[in-house]
Amino acid sequence: ANAQSKDTTADANAQSKDTDAKGGGKKRRGEEDEEQKRTESSDLDRDGGRGVKTPQLTPLETDHQDPEAVTNAVGYEDFDLGDETIRLYDNETLEELQGRWLTLVQEFYDKETDTFNTTKIPDIYDNIKYDSLHNRDFLQGLRKIYIAAKNVANFVIPQEYGVFRKQKLLIGRSIVQPLLEHIFNNLMKGAEDSPSHRVSLYFSSESHLHSLRNTILLSDIPNNQTVATTLEAMEINYMAHCVFRLFEDPTRDISDPLRFYVDVQFAPGAALDPFIFMGQDHLLPVSRPIPVNGRVPLAKFKDFIAGKT
């Protein structure tokens, strides 16, 4: 194969010289084919012969492949990692911070298989947002890393709950159906003449919030598709919440579908950019709920709970 490659190269060089002598200056077909072969051969060697091309690293990525380069890239060179007198937010040491990140890097990328563990992307984003809020004075270059992590997380995390609309709805229903039924039962108790309570608070996990949002948006509850599309693209962060409020309109007849109606709102939580909206207390404001539908007839909402809409 090497001998054939040399012969082809010699022919290609000769053709190239002939072309240059004529003033064309363009590559002939043989040279282009040879360059393509070299590129494919290089890709196969680099990827163990599997035929899958490994992306070329950018200069920034190349510089940050070893822990020492990563350490220097974020501004550790001015500090002694073993200096116990330097304390970060919540009394964390520089050595603990470095250990936290190196562990994430090792779990995220496997050098032996040249593969990435995408389940670690949410953890990476949580950590970079945490450090952007609390440790930016000790770390440099966080803004670019934060933007990159956010863009990747905004794409990857929602796909954990289904890629296609049907998948998202099926997965969402399977996770939040018991919660939806509980919410509906408490709403109905609040409509009684002498209710035991009028407010119910539920504290749950991120998976339930993603599933609840998908279940609502993929039903016929949203009366504004622009709002629904925006909500689907919104990041769900800490303090994300959904609000269901039951109202009675006494001016309407008891048989009117809107005599009782449900107001549905959703808020993404503390999802704002920490480099723009962080307060002096190192906290982010929680976004206000966005109306999804302010007047869902109670009967229609009941069908939604039952999975009929």
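Rules and cut-offs
Residue indices begin from 1 for each chain and proceed along its sequence in written order. Where totals are concerned, whole chains, interfaces and linings use all residues; where local detail is concerned, this predicted model gives features only for residues with pLDDT of at least 70, and gives and counts side-chain atom pairs only at 80 or more. Side-chain measures were taken over the full set of non-hydrogen atoms in the model, leaving aside hydrogen atoms and water. Each helix corresponds to a stretch of at least 4 residues labelled H or I by DSSP, and each strand to a stretch of at least 2 residues labelled E; elements are numbered beginning at the N terminus. When a residue's accessible area, from a 1.4 Å probe over protein chains only, is under 20% of the maximum for its type it is buried; when over 50% it is exposed; and in between it is partly exposed. Should any heavy atoms of two residues lie within 4.5 Å, those residues are counted as being in contact. Accessible areas in this description were obtained via Shrake-Rupley with a 1.4 Å probe; residue shielding takes into account the shown protein chains only. For this quantity, the arc is that covered by the directions from the helix axis to the C-beta atoms. Pairing between strands is defined by DSSP: at least two bridges between them are needed. As a rule, the C-alpha atoms of each element are fitted with a line to give its axis, helices using only the stretch in contact, and angles between N-to-C directions run from 0 to 180 degrees. Here a helix's expected span is defined as the number of its residues, less one, multiplied by 1.5 Å. Salt bridges are defined by distance alone: a side-chain nitrogen of Lys or Arg within 4 Å of a carboxyl oxygen of Asp or Glu.

1. Focus: the overall build of the chain
In terms of regular secondary structure, the chain is built from 12 helices and five strands. In the chain, which comprises 309 residues, the proportion classed as buried is 33%. In the chain, the proportion of contacts linking residues at least 24 apart, taken out of those at least 6 apart, comes to 61%. When the accessible area of the chain is evaluated, it comes to approximately 19,400 Å², of which 54% is carbon and sulfur surface.

2. Some words on helix α10 (residues 225-233)
The set of residues buried in α10 consists of Val227, Ala228 and Leu231. Burial along α10 is one-sided: seen end-on, the buried residues are contained in an arc of 100 degrees. Away from its buried face, by an angle of more than 90 degrees, α10 presents the exposed residues Gln225, Thr226, Thr229 and Ala233. Among the structural elements, α9 (206-217), β4 (260-267) and β5 (290-297) are those in contact with the buried residues of α10.

3. Details of unusual backbone geometry
Phi at aspartate 90 is positive, roughly 60 degrees, even though this residue is not glycine. Of note, aspartate 90 is situated in the loop between α4 (67-73) and α5 (94-108). Looking at aspartate 90, the relative accessible area reads 66%, which means it is exposed. For methionine 239, which is not a glycine, the phi torsion comes out positive at approximately 70 degrees. One can find methionine 239 in the loop between α10 and β3 (241-248). Judged by its relative accessible area of 59%, methionine 239 falls in the exposed class.

4. Considering the sheet that holds β3
The three strands lie next to each other as β3-β4-β5, forming an open sheet whose pairing is antiparallel. Looking at which strands have only one partner, the edges of the open sheet turn out to be β3 and β5. Looking at each pair of strands side by side, their axes are set apart by 15 degrees on average, direction ignored. The pairing of β3 with β4 spans eight bridges and is antiparallel. When the sheet's bridge partners are listed, phenylalanine 247 is paired in β4 with tyrosine 261. Contacts from α10 reach β4 and β5 within the one sheet, and its direction differs from that of β5 by about 130 degrees.

5. Digging into the environment of tyrosine 161
Structurally, the position occupied by tyrosine 161 is in the loop between α7 (142-159) and α8 (165-190). In sequence terms tyrosine 161 and histidine 210 are 49 residues apart; their C-alpha atoms lie 7.4 Å from each other. Among all residues touching tyrosine 161, those that are not within four sequence positions of it are Gln167, Lys168, Ile171, Glu206, Ser207, His210, Ser211 and Asn214.

6. Structural notes on the side chain of threonine 93
Structurally, threonine 93 can be placed in the loop between α4 and α5. When near neighbours in sequence (up to four residues on either side) are disregarded, threonine 93 contacts Glu84, Ile86, Arg87 and Leu88.

7. With respect to helix α6 (residues 121-134)
Three or four residues apart is the spacing at which side chains of an α-helix point the same way, because the helix has 3.6 residues per turn. Compared with the 20 Å implied by 1.5 Å per residue over 14 residues, the 20 Å span of α6 between its first and last C-alpha is a close match. The buried fraction of α6 is high, at 11 of 14 residues. Buried residues of α6: Ile121, Pro122, Ile124, Tyr125, Asn127, Ile128, Lys129, Asp131, Ser132, Leu133 and His134, and no others. The secondary structure elements touched by the buried residues of α6 are α5, α7 and α11 (274-277).

8. Comments concerning the pattern of salt bridges
If the charged atoms of two oppositely charged side chains come close together, the side chains can form a pair. Summed over all chains, the structure comprises 11 salt bridges. For the salt bridge of glutamate 107 with lysine 120, the shortest nitrogen-to-oxygen distance reads 3.2 Å. With glutamate 107 in helix α5 and lysine 120 in the loop between β2 (115-116) and α6, this pair connects stretches of sequence that are 13 residues apart. Assessed through its relative accessible area of 38%, glutamate 107 is described here as partly exposed. The shortest N-O distance in the salt bridge between aspartate 123 and lysine 120 comes to 3.9 Å. Aspartate 123 sits in the partly exposed class, given a relative accessible area of 31%. Among the ionic contacts, a cluster of salt bridges with common partners joins Glu92, Arg100 and Asp131.

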